[in-house]
Amino acid sequence: VVVGAASALAVSCVNPCPRRQLLAYVAHAQSGGGQTADVVARRVGGDEWRTVGRVAAASVDALPRSALLQERLIEEHARRLYTDLRGP
């Protein structure tokens, strides 16, 4: 996720519920059949990628879509973790 970049897919996912997303992540991660991956973020034009969390999906192929669908939440979380990602 590049913090500060807009995504049409993220816009189409209006107001995702953080609690529902957490419950879905835990279900996938603990089911044994789900796949997880680290999520990293950086400032637009920056060089340093920082780990900001993990996403989960039913298959490896679905992981990129999982990250895109939750991009807004990932950006908000990244800004909370790293103050320099908050902007000028």
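Our subject is the structure listed above.
Predicted model only: the values in this text are computed from it and were never measured. (Residues numbered from 1 in each chain as written. Predicted model: local features only at pLDDT ≥ 70, side-chain atom pairs only at ≥ 80, totals over all residues. Heavy atoms only, no water.)

(A) Quick look at the overall build of the protein. Broken down by element type, the protein carries four helices and three strands. For the protein, the α and β elements follow one another from N to C terminus as β-α-α-β-β-α-α. Considering the protein as a whole, with its 88 residues, one finds that 26% of them fall into the buried category. The long-range fraction of contacts in the protein, counting pairs at least 24 apart against all pairs at least 6 apart in sequence, stands at 60%. Working note: accessible area of the protein is about 5700 Å², and carbon and sulfur atoms make up 56% of it. (Helix = DSSP H or I, 4+ residues; strand = E, 2+ residues; numbered from the N terminus. Buried < 20%, exposed > 50% of the residue type's maximum accessible area, 1.4 Å probe, protein only. Contact = heavy atoms within 4.5 Å. Areas by Shrake-Rupley, 256 points an atom, 1.4 Å probe, with all protein chains shown as cover.)

(B) Just the pattern of salt bridges, in detail. With the rule as written, the count across this model stands at six salt bridges. The partner of E48 in a salt bridge is R50, and the shortest N-O contact between them spans 3.3 Å. Classification of E48 as exposed rests on a relative accessible area of 52%. Ionic pairing is found between E75 and R79, a salt bridge with its closest N-O pair at 3.6 Å. Linking E75 with R79, this pair stays in helix 4 (residues 71–81), spanning four residues, or about one helical turn. Using a relative accessible area of 27% as the deciding quantity, one classes R79 as partly exposed. Three or more residues are tied together by salt bridges with common partners; here these are E48, R50 and D84. (Salt bridge = Lys/Arg side-chain N within 4 Å of Asp/Glu carboxyl O.)

(C) Quick peek at the environment of E48. Turning to its location among the elements, E48 is positioned in the loop between strand 2 (35–43) and strand 3 (50–57). Setting aside anything within four residues of it in sequence, one finds E48 in contact with A41 and R42. Of note is the side chain of E48, whose polar atom sits 3.3 Å from the side chain of R50. (Polar contact = N/O pair within 3.5 Å; in protein donor to acceptor, adjacent residues only side chain to side chain.)

(D) Representation of the pairing of strand 2 within the structure. Summarising the sheet, strand 2 and strand 3 pair through seven bridges and their orientation is antiparallel. What sits directly across from V40, in strand 3, is T51. In this antiparallel pair of consecutive strands, strand 2 and strand 3, the connection spans six residues, and G45 shows a positive phi of 80°. (Pairing = 2+ DSSP bridges.)

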